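Residue-level structural notes
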Amino acid sequence: MESNNICIYTKQPHDDAKLKSGDHVILAAIGGQKKLPKSYVSHEANNYFSKLEKNFTRDSTISIVRQFEGPGKRGKLNVKKASKSKVNVMISQSPEDEIRDKYALGYIELGRPYVINQFIFNLDDTTKMNIATSLNPKYIKPDEDPQQVLMRFIENVKKMENYILILEKEMPENIALLGELDNKWFLALQSNTKDSIALEFIK
């Protein structure tokens, strides 16, 4: 049966059965709540705009405001739905920190920095295999043994199939960071000339 719904953007007939709800008049990510009726925007147009909106809310200056003030996922104000920044290398300004302890993978949520679970290793130290580990207490349940969490984290490395490469020119060239958040892996290096060495080290 042919649909009588006409998309306001494509001007083509469409079936709104695929849509869970209507398109937001103003982006939910910046606080918009009012929606158009489902019949106004097609599934294809909705998907196209969603990709643009994702880039806008995560990669433009608006992302900085969301990291400090919100709103969070789908415009929610609940702190449990707060927006996270992208995972990046955080650099400590403390002069007392050892060179390896100055760098960590983390993100910002509601104006606060959080370090993710990660390994920190020296690519020049392949014989001693001296690897530091950092676990975020936020992801350790009150009844969990941190040692078990660490062992589980080590086991998860074996399941890593791909990773997001982060290049940070402020890092020393011999330091590498490997971390995991929301089932995604992140590898931070000074330059991509060291990624093969880092992967061999990880294996």
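Structure first, text after, so check above.
Now for a look at the structure at hand. Just so we're clear, the structure is a prediction, and the values are computed from it rather than from any experiment.

Criteria and thresholds
Residues numbered from 1 in each chain as written. Predicted model: local features only at pLDDT ≥ 70, side-chain atom pairs only at ≥ 80, totals over all residues. Heavy atoms only, no water. Phe/Tyr/Trp six-rings, centres within 6.5 Å; stacked < 30°, edge-to-face > 60°. Buried < 20%, exposed > 50% of the residue type's maximum accessible area, 1.4 Å probe, protein only. Helix = DSSP H or I, 4+ residues; strand = E, 2+ residues; numbered from the N terminus. Pairing = 2+ DSSP bridges. Axes fitted to C-alpha atoms, helices over the stretch in contact; angles between N-to-C directions.

Some thoughts on the packing of aromatic side chains
- Inspection of every chain in the model, using the stated rule, returns 5 aromatic pairs.
- Ring geometry for Tyr107 against Tyr114: centres 5.6 Å apart, planes inclined by 25°, an arrangement best described as stacked. For the pair formed by Tyr107 and Tyr114, the shared burial category is buried.
- Geometrically, the ring pair formed by Phe153 and Trp185 is stacked, given 5.6 Å between the ring centres and 10° between the ring planes. A residue pair is termed long-range when its members are at least 10 positions apart, and Phe153 in helix α3 (residues 146-157) and Trp185 in strand β10 (residues 184-189) qualify at 32 residues.
- Using a relative accessible area of 3% as the deciding quantity, one classes Phe153 as buried.
- What links up through ring pairs into an aromatic cluster is the set Tyr9, Tyr48 and Phe49.

Focus on the sheet that holds strand β3 (residues 88-91)
- Pairing in this open sheet of 3 strands is antiparallel, and the strands run β3-β4-β5 from one edge to the other. A single partner strand is all that each edge strand has here, and the edge strands are β3 and β5 (112-115). Averaged over all pairs of adjacent strands, the angle between strand axes in this sheet comes to 60°, irrespective of strand direction.
- As defined by bridge partners, β3 adjoins strand β4 (residues 103-109) across 4 bridges and the pair is classed as antiparallel. Along β4, the bridge assignment pairs Met90 with Ala104.

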